[in-house]
Amino acid sequence: MPLGARPGRPWPSPRLRELKETVRTLLGLDEDTAVVIRELACTEPGCPPLETVVAVLPMDGEARRWTLHRPAEQITEDDLRAALLDTRTKEPVNDRPRTP
């Protein structure tokens, strides 16, 4: 079983693949830009049990991340459009090593 897979669910989820393609289309991304979508357990008080994190990792340029506070199965194209195109929801990703 692949790392991160949950028993009883196909890996990768067809829904996650659909969402990834929708993100790629909405943002006009090229094939060199990685799109990663993961469902994560949310441990914050008042948070739903699962949240969906979308990360866009271009070869050149700034990585971006968005968190949608619902499982992937409940996310619509309109939800993605609203999150991705609203610059206030974008979370910078600073885990890339800096080059001197």
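The following paragraphs examine the structure supplied in this document.

1. A short note on the overall build of the protein
Each helix and strand in the protein was counted, giving 2 helices and 4 strands. Residue pairs in contact within the protein that sit at least 24 positions apart in sequence constitute 42% of those at least 6 positions apart. By element, 53% of the accessible surface of the protein is carried by carbon and sulfur atoms, the whole surface being about 6900 Å².

2. Some remarks on helix 1 (residues 14–27)
The first and last C-alpha atoms of helix 1 sit 20 Å apart over 14 residues, in line with the 20 Å expected at 1.5 Å per residue. Those residues of helix 1 that fall on the buried side of the exposure criterion are Arg15, Leu16, Leu19, Thr22, Val23 and Arg24. Those residues of helix 1 that are buried are in contact with strand 1 (34–41), strand 2 (50–57) and helix 2 (77–85). Just downstream of helix 1 lies Gly28, where phi reads positive at about 60°.

3. Considerations on the packing of helix 1 against helix 2
Between helix 1 and helix 2, whose axes approach to 10 Å, the crossing angle comes to 45°. On the basis of their axis angle, the class for helix 1 and helix 2 is oblique. For the pair helix 1 and helix 2, the crossing hand works out as right-handed. Counting all contacts with helix 1, which are made through Leu19, Thr22, Val23, Leu26 and Leu27, the residues of helix 2 involved are Glu77, Leu80, Arg81, Leu84 and Leu85. Looking at the contact of helix 1 with helix 2 residue by residue, the class counts come to 7 nonpolar, 1 polar and 2 charged.

4. Here's the deal with the state of the cysteines
Tallied over the full model, the rule gives 1 disulfide. Each sulfur of the disulfide joining Cys42 and Cys47 lies 1.8 Å from the other. For the disulfide bridge between Cys42 and Cys47, the dihedral angle about the S-S bond is near 115°, and by the sign convention the bridge is right-handed.

The rules we used
Residues numbered from 1 in each chain as written. Predicted model: local features only at pLDDT ≥ 70, side-chain atom pairs only at ≥ 80, totals over all residues. Heavy atoms only, no water. Helix = DSSP H or I, 4+ residues; strand = E, 2+ residues; numbered from the N terminus. Contact = heavy atoms within 4.5 Å. Areas by Shrake-Rupley, 256 points an atom, 1.4 Å probe, with all protein chains shown as cover. Expected span 1.5 Å × (residues − 1). Buried < 20%, exposed > 50% of the residue type's maximum accessible area, 1.4 Å probe, protein only. Axes fitted to C-alpha atoms, helices over the stretch in contact; angles between N-to-C directions. Parallel < 35°, antiparallel > 145°, perpendicular 65-115°, else oblique. Left-handed = near helix turned anticlockwise from the far one by under 90°. Nonpolar A, V, L, I, M, F, W, Y, C, P; charged D, E, K, R; others polar. Disulfide = S-S within 2.5 Å.

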